[in-house]
Amino acid sequence: MSKYRPYKLPVVKAFPNLKVQKPRISRLVIFLCRLLGRLYLFLFWGVAKILLQEEEIIFDAFKRALAGESRCIIAFRHPNGGEPQLMTWFFLFKLRALAARKGVKFVRSPHAVFIYSYEVVRYGGWAARFVMPNLGAMPIHHSKMDRKGMNGIYKAIIEGQYPVAMAPEGHVSYTVDAVHRIEPGAVRIGFNAAKQLKEKGEDCPVEILPLSIHFCFGSWGKLNMEMLLRKIEKVCGLFQRGRKEIPFIERLRQCRQHLLEVNEKRFEIKGDDSLSFEERLDKVINAALKTAERMMNLKSEGDFFIRLYKMRQLCWDRIFLPTVDNFDKMTKVEHSMLDLGTGEAWYISRYQELIDFCWYFRVPLPAEDIPLSRKIEYVQNLWDFANRTMGGAFSDRVSIFPRKVIIRAAPVISLSERLPEYNRDKKTAVNKTMSDLKKAYLDNIKGFQDC
């Protein structure tokens, strides 16, 4: 009898739709975050020190917002996945003391309420469903109308006591030193809030505070980068003794090439060495998206991200069923049919995970002399490429702990000052503000000195 044991596939079950409580500020949950928050952040950042740069901008923006002299939208970069948790803890438990050292006093304890996608409480488990609403965080859908969610966001900006934080990149972007795209949602919401305040006769400016997150690594990070690269080489069948003597960039290139060829073979794409890696990966992305859409019986039409978000939403809606009543009264046969649909959605979502990551991974190989932080970032992303190729998801991402985490601010962008321009030509005003926001992020990148 053969000793071969097939890979054990996950058991995927359908669930009734999740119910998330209304956002509120719970003192008990804030106490628990103070008690356990730093331990939780260890999962993302280890024992890294969290520091501010251009701190006067942050202090002034919070001082105005907490005093009701402005309405602040914190537009933060989201390259890693743990930024909202990091900033929530930092604003609650560190910001006030740091500001006091500079002679800045707040009228109330600082906090920020975060906007998050409904998917977060689905894959985040019971802890996310308990903590996030009790810290005032508000859910929103990416791909379907959510009037209730939008009304809650506007109310928080116009009437709330705290800044509202959201990621204009839409979701995790995987790259600290590049801004691949910005969605218009944050800017549009800000302009509409400014317009509503103006119509109510309130002379209170709406501001966007751009924040970026940067990482500093030391010798421990370099060691872990080498260990992760070896892991990648092993899953690619490239690892062997003496391989460390091959130039670092060549090792990356060989792993990347193998993963690209595996994906091309999977989607029956003929490899073309005359094309760049980015062009070949683009073909993989399009083939994967069309394959997933065909499996979901969707038409392949429209903007790339609209298609991607729609597919992701439909997959989640087959796992957590928003339109099924009397879930507990169904027969076993009916439950089994729903489980089959859920299993199909789970496998289709493997394509979505691959597509989402690869769109951001269309970048050239790093140079040999780049800073350590950028080398580590590329190796982390190369592992993600391997992981998504093997059917993994964001939850399988490997994070190498930094030595320091830097929160860096850029000057605020006043939307109220731009409101006349917005009233004349909404599209032009939104595009110009998005361009200025992107420039603020790029200036932060240029101004950051790797440590």
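No experiment lies behind these values; they were computed from the predicted model shown. Residue positions within a chain follow its written sequence, with the count starting from 1. Owing to the predicted nature of the model, reporting of local features is limited to residues with pLDDT of at least 70; listing and counting of side-chain atom pairs is limited to 80 or more, with chain, interface and lining totals taken over all residues. Where side-chain values are given, they derive from all heavy atoms of the structure, hydrogens and water being excluded.

1. Description of the overall build of the protein chain
Okay, so step 1: A tally of helices and strands in the protein chain yields 16 helices and 10 strands.
Okay, so step 2: Two things to know: the radius of gyration comes from C-alpha atoms, and the globule rule equals 2.2 Å times the number of residues to the power 0.38. Taken over C-alpha atoms, the radius of gyration comes to 23 Å for the protein chain, in line with the 22 Å a tight globule of 451 residues would show.
Okay, so step 3: Considered along the principal axes of its C-alpha atoms, the protein chain spans approximately 75 × 60 × 50 Å.
Okay, so step 4: Taken across its 451 residues, the protein chain has 50% of its residues classed as buried.
Okay, so step 5: All accessible areas in this document rest on Shrake-Rupley with a 1.4 Å probe, and a residue is counted as covered only by the protein chains that are shown. With an accessible surface of roughly 23300 Å², the protein chain has 54% of that area assigned to carbon and sulfur atoms.
Okay, so step 6: Each charge class in the protein chain can be summarised by its mean position, and for the 73 positive and 50 negative side chains these summaries are 5 Å apart. What counts as a helix is a DSSP run of H or I of at least four residues, what counts as a strand is a run of E of at least two, and both are numbered from the N terminus. The buried label goes to any residue with under 20% of its type's maximum accessible area, the exposed label to any with over 50%, and the partly exposed label to all in between, with areas taken from a 1.4 Å probe on protein chains only. When charges are counted, neither His nor the chain ends are considered; positive counts come from Lys and Arg and negative counts from Asp and Glu. Charge coordinates come from a single atom per side chain, which is NZ of Lys, CZ of Arg, CG of Asp or CD of Glu.

2. Comments concerning the packing of helix H10 (residues 248-266) against helix H11 (residues 277-295)
Okay, so step 1: Angular values range over 0 to 180 degrees, each being the angle between N-to-C directions of two axes fitted as lines to C-alpha atoms, with helices fitted over their stretch in contact. Axis separation between H10 and H11 bottoms out at 10 Å; the angle between their running directions is 30 degrees. In terms of crossing hand, the pair formed by H10 and H11 is left-handed. Contacts from Arg256, Gln257, Leu260, Glu261, Asn263 and Glu264 in H10 reach Phe277, Arg280, Leu281 and Val284 in H11. Two helices that cross are described as forming a left-handed crossing if the nearer one is turned anticlockwise from the farther one by less than a right angle, and a right-handed crossing if clockwise. Any two residues whose heavy atoms approach within 4.5 Å are treated as being in contact.

3. Section: the state of the cysteines
Between two cysteines, a covalent bond joining their sulfur atoms is known as a disulfide.
Okay, so step 1: Here, the term disulfide refers to a pair of cysteine sulfur atoms separated by no more than 2.5 Å. Counted under the stated rule, the structure contains zero disulfides.
Okay, so step 2: Looking at Cys204, it has no disulfide partner, and the nearest cysteine sulfur is the one in Cys72, 11 Å off.
Okay, so step 3: On the basis of relative accessibility, which here comes to 10%, the residue Cys204 falls in the buried class.

4. What to know about the nonpolar core
Okay, so step 1: In this text, buried Ala, Val, Leu, Ile, Met, Phe, Trp, Tyr and Cys residues form a nonpolar core when linked through side-chain atoms within 4.5 Å. Counting 93 residues, the largest nonpolar core has Phe91, Leu211, Met311 and Ile407 as the members making the most contacts within it.
Okay, so step 2: Broken down by element, this core gets its largest block of residues, nine residues, from helix H13 (residues 332-360).

5. Focus: the side chain of Asp317
Okay, so step 1: When you line up the elements, Asp317 lands in helix H12 (residues 304-319).
Okay, so step 2: Classification of Asp317 as buried rests on a relative accessible area of 15%.
Okay, so step 3: In this view, Asp317 contacts Arg122, Lys144 and Pro322; residues no more than four positions away in its chain are not counted.

6. Digging into the packing of H11 against H12
Okay, so step 1: Running from N to C, H11 and H12 cross one another at 40 degrees; their axes reach a closest spacing of 11 Å. In terms of orientation, H11 lies oblique with respect to H12. Of the two possible hands of crossing, H11 and H12 adopt the one that is left-handed. Two secondary-structure elements touch here, H11 through Ile285, Leu289, Lys290, Ala292 and Glu293 and H12 through Phe304, Arg307 and Met311.
Okay, so step 2: As a working rule, the residues Ala, Val, Leu, Ile, Met, Phe, Trp, Tyr, Cys and Pro are called nonpolar, Asp, Glu, Lys and Arg charged, and the rest polar, with Gly in that last group. When grouped by side-chain class, the residues that make up the contact of H11 with H12 number five nonpolar, no polar and three charged. For this classification, under 35 degrees means roughly parallel, over 145 means roughly antiparallel, 65 to 115 means roughly perpendicular, and everything else is oblique.

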